[in-house]
Structures are given as C-alpha cells and as structure tokens.
Amino acid sequence: MIYVMYGTEDFFIWREIEALKKKYQIHDINISRYDMEQTTMDTILEDANTFSLFAPIKMILVDRASIFANSPKKTVSDDDLIALEDYMKHMNPDTHLIFIHDKVNKAKKITKLVKKYGVLKECNHGGNLNGFVKELLTGYQLEPRVIPLLLERVGENVALLQKECEKLKLCKWEEKVVATSDVEALVHKTITLDIFHFIDTIIQRKKEEAIEIYREMLKYNEEPIKIVVMLSNQFRLMYQAKELIRQGYRESDIATKLGAHPYSVKLALQKSRAYESNYLLSILEQLADLDYQIKSGQVEKELALELFILEL
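These notes cover the structure that comes with them. (Residues numbered from 1 in each chain as written. Predicted model: local features only at pLDDT ≥ 70, side-chain atom pairs only at ≥ 80, totals over all residues. Heavy atoms only, no water.)

## Things to note about the overall build of the chain
Here's step 1: Along the backbone of the chain there are 15 helices and 7 strands.
Here's step 2: Viewed in the frame of its principal axes, the chain has a C-alpha envelope of about 65 × 55 × 40 Å.
Here's step 3: Of the roughly 17300 Å² of accessible surface on the chain, a fraction of 50% belongs to carbon and sulfur atoms.
Here's step 4: Computed over 43 positive and 48 negative side-chain charges, the separation of the two mean positions in the chain equals 5 Å. (Helix = DSSP H or I, 4+ residues; strand = E, 2+ residues; numbered from the N terminus. Areas by Shrake-Rupley, 256 points an atom, 1.4 Å probe, with all protein chains shown as cover. Lys, Arg positive; Asp, Glu negative; His and termini not counted. Charge placed at Lys NZ, Arg CZ, Asp CG, Glu CD.)

See the structure below:
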C-alpha cells in the first residue's frame, strides 16, 4: 500500500505510523527511512519492489516528500513521476510505502493518483484540542476546568500536551481523578502560554503586570529579540485574521490562507475583536522599529522592550 501522510504536527503523523506498525506487526528492523531531498526516486522504488529478507511485510518512510506539494524543493523529473505512477498501478503488496510532508496540493495529478490507489491522510488535530486532551486522559474523571487550564498552561504544542498528560496520569494513577489543583501543581506554565495575556496587559496598558511577565520570561533565559518576534507574530495574526473576517472569510478559511493552526486563529480572532485594526497595525510598526533598533545595536536589548512597554 502507498500512503501520503501530511500535517504540521509530527506527533499525529507518527501516531498513524505507529498504528500501522502495530496493525501489521512490523518491527523496526523491517523499516527503511529516506529523505526525498537527498534520495533518488529510483532508490526508493527499488527498495519498495524488493521483498524483505526478515519478514513478510516491511515499511518504507520517505521524509520531506515535497513532490506532492505546490513547489517541490527538489527538482522532480517526468521520469520520476512516471515511475511513481507506474509503481502505484503495480504495487508490491508486502510493502507499506509512506511519504511524509507538512502539506500537499490535492489538485496535483500525482496526489490524486495516491488518493485513487492508496491513502491520502491529513494528520492534524483539526483545531479540536479539547477532544485531543480528553482522549489523552481517557479513563480519568476530569474537573470541568481541567482541560481549559491545561491548554492555557501548555498551549497547542501537542507533544508537550502528551507529556504533561502522562505526568498527570502517573501522579493520579490510584484516584483516576484529575482536579484543577493538580494541573496548577504539576503542569509548568510555558512562555507561549502567557503570550496572549502578555499582549492584553500591553494593549490595556497594565504596565506593572506586563513588566512582571516580561521579567519572568527573562528568568527563563528567553531572549528579548525572541519575545519581540513572538509579540509581532501574534499581533500580525490578530491583525490579519481581523481583516480577513471583515472581508468575509470564514474562520477555517483564514487558518488555511495564513498557514496557521485553527486554534491559534480562533484565539487571535477572540482577542482582536476588542481593538481597531489601525491600533494593531501601529503596534506592529512600533515592534518592527524596536526589532531593528535591537539588531542594529542602537538600544540595550533587555532594557529596550521594557521601555517599549512603559512608553505605550
């Protein structure tokens, strides 16, 4: 069978791969892995057509398979496309050939052929992080505020969410009940979690609170320039999402158009409703100036952002 698995979160792709390994009882010794940007199509297909010496079924993983995207990073010849098309029509039934990439163009002929002869699968949480967390904590009773609080502290990093949920499950193994107090005690608040709250304190001119959050970030060795970039990215997302909604786009379409997670777009839209587009744009311009001043050495980096907050 041939598969194209795509998505921006490796966690979900690897979960699908692990499920296939378990279903077909494929051991690691029977798995080959290639980088499509460094390996020829001939090499990949030759392996796919070769029978395994160690087991009846084998798996081949092909990373960075941009052949299915809009603009392949590696030049793909017509011969490569013909060879792959031919393989799909005469597949080795004992080989699971899996191409992996972050996105695909479903309108491309080669992608349509995968859908016809194999499996084209998007591996994302689809914006339903609540359902994802609930799945991770299956078998445990959750207080009503547990999932929102967990997402506030960890954000949309699914790999980190999995680790934190495993920690909660281990610590609450006997009771099988997770309370908000458990999340507060066991789940460390990550910096990306505070970014929207940080933005709120800046826009609402809660200067003392904003400075406190900023100094806490510095304690965790966050670079001021990185914080400026994070702020810029979030303000830009808020501005772009607000403008696209005004133009008639749906929330799901905005996520696709901007290449952002649906959950991030949802939060950005919620936050942007309280502010005019011009105001968000003015802050973006100020942050761009601040970025230039820090990088050009005109200001001391740690003090620069603090002054920016105080002078708003």
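## Quick notes on a nonpolar patch on the surface
Here's step 1: There is a patch of nonpolar side chains on the surface, built from Ile 29, Leu 53 and Phe 54 and spanning about 430 Å² of accessible area.
Here's step 2: Within the secondary structure, Phe 54 is located in the loop between α2 (41-49) and β3 (58-63). (Patch = residues over 30% accessible without salt bridge, like charges linked within 9 Å, V, L, I, M, F, W, Y side chains within 5 Å. Salt bridge = Lys/Arg side-chain N within 4 Å of Asp/Glu carboxyl O.)

## Quick look at the sheet that holds β3
Here's step 1: Judged by pairing direction, the sheet is parallel, and its 5 strands sit side by side in the order β2-β3-β4-β1-β5 without closing on themselves. The open sheet has two edge strands with one neighbour each: β2 (31-35) and β5 (119-122). The mean angle between the axes of side-by-side strands here comes to 20 degrees, regardless of whether they run parallel or antiparallel.
Here's step 2: Across 5 bridges, β2 lies against β3 in parallel orientation. Paired with Ser 32 across the bridge in β3 is Ile 60.
Here's step 3: Lying on the sheet, α2 is in contact with β2, β3 and β4 (95-101); it crosses β3 at an angle near 165 degrees. (Pairing = 2+ DSSP bridges. Axes fitted to C-alpha atoms, helices over the stretch in contact; angles between N-to-C directions. Contact = heavy atoms within 4.5 Å.)

## What about the nonpolar core?
Here's step 1: One finds Phe 198, Leu 231, Phe 235, Leu 305 and Ile 309 to be the most contacted residues of the largest nonpolar core, which totals 34 residues.
Here's step 2: Sorting the residues of this core by element identifies α9 (195-203), α10 (207-219), α11 (224-246), α12 (251-258), α13 (262-272), α14 (277-295) and α15 (301-311) as the ones contributing at least two each.
Here's step 3: Looking at this core element by element, the count peaks at 8 residues for α11.
Here's step 4: By size, the runner-up hydrophobic cluster in this structure holds 33 residues, among which are Ile 98, Val 133, Val 154 and Leu 168. (Core = buried A, V, L, I, M, F, W, Y, C linked by side-chain atoms within 4.5 Å. Buried < 20%, exposed > 50% of the residue type's maximum accessible area, 1.4 Å probe, protein only.)

## What about the packing of aromatic side chains?
Here's step 1: Counting across every chain of the model gives 5 aromatic pairs.
Here's step 2: Seen in terms of ring centroids, Phe 11 and Phe 12 are 5.3 Å apart; in terms of plane orientation they differ by 90 degrees. Their pairing is edge-to-face.
Here's step 3: Ring geometry for Phe 11 versus Phe 132: centroids 5.4 Å apart, planes at 75 degrees, classification edge-to-face. One end of the pair, Phe 11, is in helix α1 (residues 10-23); the other, Phe 132, is in helix α5 (residues 129-136), and 121 residues separate them in sequence. Neither Phe 11 nor Phe 132 differs from the other in exposure class; each is buried.
Here's step 4: Among the aromatic residues, those joined into a ring-pair cluster are Phe 11, Phe 12 and Phe 132.
Here's step 5: Positioned above the aromatic ring of Trp 173, the side-chain terminus of Lys 176 is 4.0 Å from the ring centre. (Phe/Tyr/Trp six-rings, centres within 6.5 Å; stacked < 30°, edge-to-face > 60°. Lys NZ or Arg CZ within 6 Å of the ring centre and 35° of its normal.)

## Structural notes on the packing of helix α3 (residues 78-89) against helix α4 (residues 109-117)
When two helices pack together, their arrangement is given by the angle between the helix axes and the distance between those axes.
Here's step 1: At a minimum axis separation of 10 Å, α3 and α4 run at an interaxial angle of 10 degrees. Classified by the angle their axes make, α3 and α4 are roughly parallel. In this structure, α3 contributes Leu 81, Leu 84, Glu 85, Met 88 and Lys 89 to the contact, and α4 contributes Lys 109, Ile 110, Leu 113, Val 114 and Tyr 117. (Parallel < 35°, antiparallel > 145°, perpendicular 65-115°, else oblique.)

## With respect to α1
Given 3.6 residues per helical turn, the α-helix brings residues three or four places apart onto the same face.
Here's step 1: Helix length check: α1 (14 residues) gives 20 Å between terminal C-alpha atoms against 20 Å at 1.5 Å per residue, within 8%.
Here's step 2: Among all positions in α1, only Phe 11, Phe 12, Ile 13, Ile 17, Leu 20 and Lys 21 are buried.
Here's step 3: Tucked inside the fold, the buried residues of α1 contact β1 (2-6), β2, β3, β4, α5 and α7 (158-171).
Here's step 4: Just past α1, the residue Gln 25 takes up positive phi, approximately 55 degrees. (Expected span 1.5 Å × (residues − 1).)

## Some points on the environment of Tyr 24
Here's step 1: Among the structural elements, Tyr 24 can be located in the loop between α1 and β2.
Here's step 2: C-alpha separation for the pair Tyr 24 and Phe 11, spaced 13 residues apart in sequence, amounts to 20 Å.
Here's step 3: For Tyr 24, the residues in contact, after removing those within four places along its chain, are Tyr 3, Ile 57 and His 96.

## Description of a negative patch on the surface
Here's step 1: There is a patch of like negative charges on the surface, built from Asp 42, Glu 46, Asp 78 and Asp 79.
Here's step 2: Mapped by element, the contributors of at least two residues to the negative patch are α2 and α3.
Here's step 3: Residue position: Asp 42 is located in helix α2.
Here's step 4: Judged by relative accessible area, Asp 42 falls into the exposed class, the value being 54%.

Geometric descriptors of this kind do not, in isolation, establish any biological role.
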